[in-house]
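# Chains, contacts and geometry: an overview
Residue strings, one per chain:
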Amino acid sequence: MSQGQPRRPQESTQGGNQQDPIKYGDVFNVSGELADKPIAPQDAAMMQTAETQVLGQTQKGGTAAVMQAAATKNEQVGVVGHNDITDIAGEQGVSVAETDVAGRRIITESVAGQVVGQYVQAVPVLTTQVDAVQQSAITIGEALEATAKTAGDKPVDQSDAAAIQAAEVRATGSNVIIPGGLASRAQSAAAHNATLDRDEDKIKLNQVLTGAAARLPADKAVTRQDAEGVVSAELRNNPNVATHPGGVAASVAAAARLNENVNI
């Protein structure tokens, strides 16, 4: 199993105690109001429950474990109480979602709608031969389809369109944008969304990327070089010079990491 590992809470070097609260932004790649909130014990408890419900157990070194470690330290220094819950986490909740893609499970964990952890698990697929196990590499089209599920509600912007175009170029081996293809649809969606103010009126990633593999005239297994090209395209076209958690670049990069363990 591979995963985007959160940063573990660090002990303070001053006096041996962590006096300031460990906030979400200290250990996870999150932004806005959530980043400034201390991790509370009941936040961690909710994530532990969600992991157990979906995965059967909490993951060693995973998101719930990191949250529990941070919450314990926060409780020890008195910045939170044992029964405290962060207001935004209590209002918007936590979630653990799984998506099956080409014999693998992509598990996305979120707090208040922001992705705090993503795991990729290989799921063996039995062939007609007794005890034989076959694992096929994830293709670019399949990685894009995964994005439709992990970040499907995100409005399409220019960085998404650029990443989708880079993925299409890598999949087809052609620099020509296909009329009515994924890149063309994404560019149109980004241009349309730029004229709107309300997110609910904008075209979302799932409207562009659902069924992506079937929409590509050619497809190929994702390589590290493909992922680097897609990540670079998304970064260059994002004013914040960052990739979106669970977005196009993140999904392609996760597929490439998993494919490194598969003979492609």
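Refer to the structure above for everything that follows.
A brief report on the enclosed structure follows.

Reading the values: rules and limits
- In every chain, residue numbers begin from 1 and rise along the written sequence.
- Since the coordinates come from a predicted model, pLDDT governs what is reported: local features require at least 70, and pairs of side-chain atoms require 80 or more to be given and counted, while whole-chain, interface and lining totals use all residues.
- The basis for every side-chain value is the complete set of non-hydrogen atoms in the structure, without hydrogens or water.
- Numbering of helices and strands starts at the N terminus; helices are DSSP runs of H or I of at least 4 residues and strands are runs of E of at least 2.
- Two residues form a contact once any of their heavy atoms are found within 4.5 Å.
- Each accessible area value is a Shrake-Rupley result obtained with a 1.4 Å probe; residue values ignore everything except the protein chains displayed when judging cover.
- The buried label goes to any residue with under 20% of its type's maximum accessible area, the exposed label to any with over 50%, and the partly exposed label to all in between, with areas taken from a 1.4 Å probe on protein chains only.
- Of the grid points, spaced at 1 Å and generated over the protein atoms alone, those admitting a 1.4 Å probe that cannot get out make up cavities, while open sets with protein on both sides within 12 Å along at least five of seven lines make up pockets; any residue with an atom within 4 Å of a point is treated as lining.
- Grid points are joined across faces, edges and corners, and a volume is the space filled by probe spheres set on the points.
- Lys, Arg, Asp and Glu make up the charged group, whereas Ala, Val, Leu, Ile, Met, Phe, Trp, Tyr, Cys and Pro make up the nonpolar group; the residues left over, Gly among them, are polar.

The next thing to look at is the overall build of the protein. Helix and strand content of the protein: twelve helices and six strands. Within the protein, residue pairs in contact and separated by at least 24 positions form 64% of the contacts whose partners lie at least 6 positions apart. In the form shown here, the protein has an accessible surface area of approximately 13000 Å², with 46% of it arising from carbon and sulfur atoms.

Turning next to the side chain of K154. Here K154 is to be found in the loop between helix 6 (140-150) and helix 7 (158-172). For K154, a relative accessible area of 14% puts it in the buried group. Apart from the residues within four sequence positions on either side, K154 is in contact with D160, I203, K204, L205 and H244.

The space that makes up the largest pocket amounts to roughly 580 Å³. Surrounding the largest pocket, 27 residues form its lining, G113, V115, K154, H244 and P245 being those nearest its centre. Of all elements in the fold, only strand 2 (94-101), strand 3 (104-111), strand 4 (114-122), helix 6 and helix 7 reach the threshold of two or more residues within the lining of the largest pocket. With three residues, the single largest contributor to the lining of the largest pocket is strand 2. Counted by class, the lining of the largest pocket contains seven nonpolar, 16 polar and four charged residues.

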